[in-house]
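Commentary on secondary and tertiary structure
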There are 2 protein chains.
Amino acid sequence: MIKKPYLLFLGDVDDRLAAKVAVGIRDWRPNDVVGQLRLPNCRVDLEIPDLSIEDAVQAGAKTLVLGVANRGGLIADHWKDVLTTALETGMDIASGLHNKLNDDERLVRAAKRCGCTLHDVRVPLTDFPIANGRKRRGKRCLAVGTDVSVGKMYVSLAMQQEMARRGLKATFRATGQTGILVEGNGVPLDAVVADFMAGAVECLTPDNDDDHWDIIEGQGSLFHASYSGVTLALVHGGQPDALILSHEPGRPHMRGLPMFSLPTLIELRDVALKMARMVNPSCEAVGVSVNTSRMSESEARTYISQVEEETGLPATDPIRYGVERLVDALISI
Amino acid sequence: MIKKPYLLFLGDVDDRLAAKVAVGIRDWRPNDVVGQLRLPNCRVDLEIPDLSIEDAVQAGAKTLVLGVANRGGLIADHWKDVLTTALETGMDIASGLHNKLNDDERLVRAAKRCGCTLHDVRVPLTDFPIANGRKRRGKRCLAVGTDVSVGKMYVSLAMQQEMARRGLKATFRATGQTGILVEGNGVPLDAVVADFMAGAVECLTPDNDDDHWDIIEGQGSLFHASYSGVTLALVHGGQPDALILSHEPGRPHMRGLPMFSLPTLIELRDVALKMARMVNPSCEAVGVSVNTSRMSESEARTYISQVEEETGLPATDPIRYGVERLVDALISI
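The paragraphs below set out a description of the structure included in this document. Please read these numbers as outputs of a predicted model, since none were measured by experiment. (Residues numbered from 1 in each chain as written. Chains lettered and ligands numbered in written order. Predicted model: local features only at pLDDT ≥ 70, side-chain atom pairs only at ≥ 80, totals over all residues. Heavy atoms only, no water.)

**Focus on the overall build of chain A**
A count of helices and strands for chain A gives 12 helices and 11 strands. Computed over its C-alpha atoms, the radius of gyration of chain A comes to 20 Å, within 12% of the 20 Å expected for a compact globule of 333 residues. Seen along its three principal axes, the alpha-carbon backbone of chain A occupies a region of about 55 × 45 × 45 Å. Residue pairs at least 24 apart in sequence account for 75% of intrachain contacts in chain A once pairs closer than 6 positions are excluded. (Helix = DSSP H or I, 4+ residues; strand = E, 2+ residues; numbered from the N terminus. Rg over C-alpha atoms; globule rule 2.2 N^0.38 Å. Contact = heavy atoms within 4.5 Å.)

Okay, structure coming up:
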């Protein structure tokens, strides 16, 4: 569990894409963020208060989050003075970057001296058991995609937020680094040893109230040759009661795999339900999430109508049109 | 690559099941074994020459293989004198046990002093890339099961052996510890980090002659909630041209999952082909391997006939009736 609230460290990144983790945390958990800390050459502004380490401590910050990826996804040497200062004031540090906080001797020494924790969210924290397949109490929803990076995390966070707004019991269950930093905990599933993937998902979504929903962050795609095994472990470990189908129209091929075209939403529905019903025969596909960011307003509306006609399911672009209809569909099953 | 020939170390195991790795190596690679080394209380006999370390060195042994699992799957303390002696004569040691040779200080020191290698075959030797999905030259066959432990490794080894007998080009590609010790190399797929599973399989089955068959050792089952992710990584990383369906009739439920019943062979065929054709549209199911060890001769023949009728595929119990018909079917596609 990463302690909140956060101070978001932006370093000196010069484009918004490199700051997407920080943007995600600010968008989804604004109440968990006290401000941003930017170095002199930083060109990104999250439009939240600029705070020094001292200001942030005053404002109650418990963890400095490296919300950025510089070239290579590494922790830059010239950031380390700031990071060490943060530790010396008692803040923990959390990072999803490739090189680890816990491999840096200076930071490790400072953290030890100050009694602080260095969270490398790409590294699983514990050993997991082999999955036991036991049915857990409570309900589970999982987003599955025609491809990777089609908006599975986004629709899941949006649904959890909408459910919380309605006073429903719902928890976002993070399975990737950004999701873990947003939520403050989770399992970096792609870093778990193969034998224990499904067991890790079972641990992540334990028994709960009968009317509680775990909204599980999806990973990969059952159709993506590089990552499909991780996805199937999510389906079989998660035992979802409901699937959200996710798609981005217009992609020429599966991301990173120029020789493979995307499946249709119908193909996705059929394969994902087939696999999910092996462990939960009552699983249903309840709605479709479409990323229409490359479409005009009229194209988006036409496309979404077509999807609804083809699938017989409510469809939406969560960013453009919200997720109310997906939540309506979810809670009616 | 583990150097052959082997000396098979049986320690002091008292039943044949605990020696199954050694039995497998002797059965499948008799020419790679110079003999067995048994401690005084050992009750298992592989019916090969009993050799001391010195005898084995004289006979050309390059590696001592721990072919046994004692209670807990651990390397027993009282074995270590023998193991150290083996290292001092220049032999490597290979083990598939849970505790690692490379975690034992005495063995590590002795290996270093003698310039020998300690092979822990449960541990992946290298980092693997993310799978790229590229079509490789040569052909690939994968056994898939209705459940775990239904004879996938056995049928694969039998097919490779039969193909070699006929002068066909075929390589067994090991993905589990026993297979790796039998073959002398391979990838312990269940110990690979999730993101790299399919990439590891691609590395294991690289480009080859157009008329060469990789006979890939299967793992888990697409229907088994605990391990299905590993299986799908094999299907999508292996890009098989041919599937062998594997089954053991009479099981009351999936192994280790008392709440789940086994799929039928037809269900297995349909799901496995669906997933395999995502990456290799020409993939075919070519035959069925049935473990009839709990059936009488007449029950077995009747059952296999029924399977052939239901599936339209040649079926056999590899142990009882050999795999000639499976190889005939494989090379005719």
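**A closer look at the side chain of Ser 289 of chain B**
Summarising the element assignment, Ser 289 of chain B is placed in strand β10 (residues 284–290). If sequence neighbours within four positions are ignored, Ser 289 of chain B has contacts with Val 155, Ile 244, Leu 245, Ser 246, His 247, Thr 316 and Pro 318 of chain B.

**Considering the relation of the copies chain A and chain B**
Superposing chain A onto chain B requires a rotation of 180° together with a translation of 0.0 Å along the rotation axis, leaving an RMSD of 0.0 Å. Seen this way, the second copy is the image of the first under a two-fold rotation axis. Here 100% of the interface residues in chain A have copies in chain B that are interface residues too; the copies meet face to matching face. (Least-squares fit on C-alpha atoms with pLDDT ≥ 70 in both.)

**With respect to the interface of chain A and chain B**
With 36 residues of chain A at the interface, the matching set in chain B holds 36 residues. Across the chain A to chain B interface the summed buried area is about 2800 Å²; carbon plus sulfur atoms make up 66%. Across the contact surface, chain A and chain B share zero salt bridges. If you look at where chain A meets chain B, you find eight residue pairs in polar contact (both at pLDDT 80 or more). Counting residues per element, the ones that place at least two in the side of chain A that touches chain B are α7 (197–204), α8 (228–238) and α9 (265–277) of chain A. (Buried area = accessible area lost by both parts, 1.4 Å probe. Salt bridge = Lys/Arg side-chain N within 4 Å of Asp/Glu carboxyl O. Polar contact = N/O pair within 3.5 Å; in protein donor to acceptor, adjacent residues only side chain to side chain.)

**Description of the sheet that holds strand β4 (residues 92–95) of chain A**
All names here are of chain A. An order of β2-β1-β3-β4-β5 is seen for the five strands of this open sheet, with the pairing classed as parallel. Across the chains shown, the open sheet's two edge strands, defined by having one partner strand only, are β2 (33–38) and β5 (118–120). Mean inter-strand twist for the sheet, computed between neighbouring axes without regard to direction, equals 20°. Bridge count between strand β1 (residues 6–11) and β2: five bridges; the pairing is parallel. (Pairing = 2+ DSSP bridges. Axes fitted to C-alpha atoms, helices over the stretch in contact; angles between N-to-C directions.)

**A word on the packing of aromatic side chains**
All names here are of chain A. Considering all chains together, one arrives at four aromatic pairs over all chains under this definition. Judged by centre distance (5.4 Å) and plane angle (75°), the ring pair of Phe 9 and Trp 79 falls under edge-to-face. Separated by 70 residues along the polypeptide, Phe 9 in strand β1 and Trp 79 in the loop between β3 (63–66) and α3 (80–88) bring together distant segments of the chain. Each member of the pair, Phe 9 as well as Trp 79, is classed as buried. (Phe/Tyr/Trp six-rings, centres within 6.5 Å; stacked < 30°, edge-to-face > 60°. Buried < 20%, exposed > 50% of the residue type's maximum accessible area, 1.4 Å probe, protein only.)

**Concerning helix α1 (residues 20–28) of chain B**
In terms of residue burial, α1 of chain B counts as a mostly covered element, since seven of its nine residues are buried. Summarising the contacts, the buried residues of α1 of chain B are in contact with β1 (6–11), β2 (33–38), β3 (63–66), α5 (152–165) and α6 (177–183) of chain B.

**Section: the sheet that holds strand β9 (residues 242–247) of chain A**
All names here are of chain A. Spatially, β7-β8-β6-β9-β10-β11 is the arrangement adopted by the six strands of the open sheet, whose pairing is parallel. Two strands bound the open sheet, and with one partner strand each, they are β7 (170–173) and β11 (315–316). Along the sheet, helix α12 (residues 324–331) contacts β6 (139–145), β8 (213–216), β9, β10 (284–290) and β11; its crossing angle with β10, the most-contacted strand, is approximately 175°.

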